[in-house]
Amino acid sequence: RLTKAKFLVAMTDMNVTIEPDYKVLENLFVMWDRTGVDWVDPLEFFAGISPLASVMDVDTKLKFSLEVYDHQKSGRMSREDLITVLGAINKMASYFGDAVLHKYQVALIADDLIAEDEIVENDNTIVYWDKVSRITDHQSVAEFSAGVGTARYGTEQRESINGDSTLESSKVNLVS
């Protein structure tokens with residue numbers, strides 16, 4: 001667990017005290033604290049905000065996020081881990097008003113990657129090190145990183161009876 005107090009002290013210790021960086025990170029923490037218990041999962045939180053630490057390309061940012069989440073440095077991720085990391089990045093982007101992915105798109109990216117690869121040692125994981133480009137080349141990720149997606153935080157795509165898609169306002173948290 002990472003409490004808000006510890007996070008704010010750590011930012012001060014690391015000289016992240018200049019506005020707007022300090023305020024943005026503090027507000028991201030508050031957004032991540034879904035239940036108001038004053039703590040977040042540090043792996044998910046840091047994986048989600050880690051793209052902010054780089055001005056490099058999408059591959060580099062995604063690889064860094066995966067490495068942050070893979071704190072044991074196994075080089076492997078499960079489907080659920082991939083969904084957590086991609087969902088965390090998606091959540092961070094929502095803070096800035098950027099286009100986000102729908103939950104089903106995040107799951108589809110993980111499913112497509114898992115389907116194309118061999119599972120490692122019966123533990124339902126794949127080696128992700130050399131798969132970063134396959135993730136960033138995925139159509140949904142390409143749209144997300146280009147900012148051309150149609151989803152925004154607080155919207156949900158639903159299929160109507162006749163099969164066409166509509167966007168509706170919803171209280172469902174799509175980026176968690």
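Everything in this summary refers to the structure shown in the same document. In this text the structure is predicted, and so the values were computed from the model without any measurement.

### Here's the deal with the nonpolar core
Part 1 of the argument: Formed by 20 residues in total, the largest nonpolar core has its most connected members in Leu62, Leu66, Leu82 and Ile135.
Part 2 of the argument: Those elements that place two or more of their residues in this core are α4 (58-69), α5 (79-95), α6 (103-115) and α7 (132-136).
Part 3 of the argument: Ranked by residue count, the leading element in this core is α6, at five residues.
Part 4 of the argument: Not counting the four nearest positions on each side in its chain, leucine 82 is found in contact with Leu66, Met77, Ala110, Leu113, Ile114, Ile126 and Ile135.
Part 5 of the argument: Formed by 15 residues, the second largest nonpolar core is a distinct cluster that contains Leu8, Tyr22, Phe45 and Ala88.

### Looking at unusual backbone geometry
Part 1 of the argument: A cis amide bond links glutamate 19 to the next residue, proline 20, at an omega of 5°.
Part 2 of the argument: Relative to the assigned elements, proline 20 resides in the loop between α1 (4-13) and α2 (21-32).
Part 3 of the argument: Within the chain, aspartate 38 stands out as a residue other than glycine whose phi angle is a positive 70°.
Part 4 of the argument: Note on placement: aspartate 38 falls in the loop between α2 and β2 (39-40).
Part 5 of the argument: Under the relative-accessibility criterion, aspartate 38 is labelled partly exposed at 36%.
Part 6 of the argument: Positive phi values are uncommon outside glycine, yet lysine 73 reaches one of about 55°.
Part 7 of the argument: Tracing the backbone shows lysine 73 in the loop between α4 and β3 (76-78).

Thresholds applied
- Residues numbered from 1 in each chain as written.
- Predicted model: local features only at pLDDT ≥ 70, side-chain atom pairs only at ≥ 80, totals over all residues.
- Heavy atoms only, no water.
- Core = buried A, V, L, I, M, F, W, Y, C linked by side-chain atoms within 4.5 Å.
- Buried < 20%, exposed > 50% of the residue type's maximum accessible area, 1.4 Å probe, protein only.
- Helix = DSSP H or I, 4+ residues; strand = E, 2+ residues; numbered from the N terminus.
- Contact = heavy atoms within 4.5 Å.

Worth remembering: the numbers are spatial, not functional.
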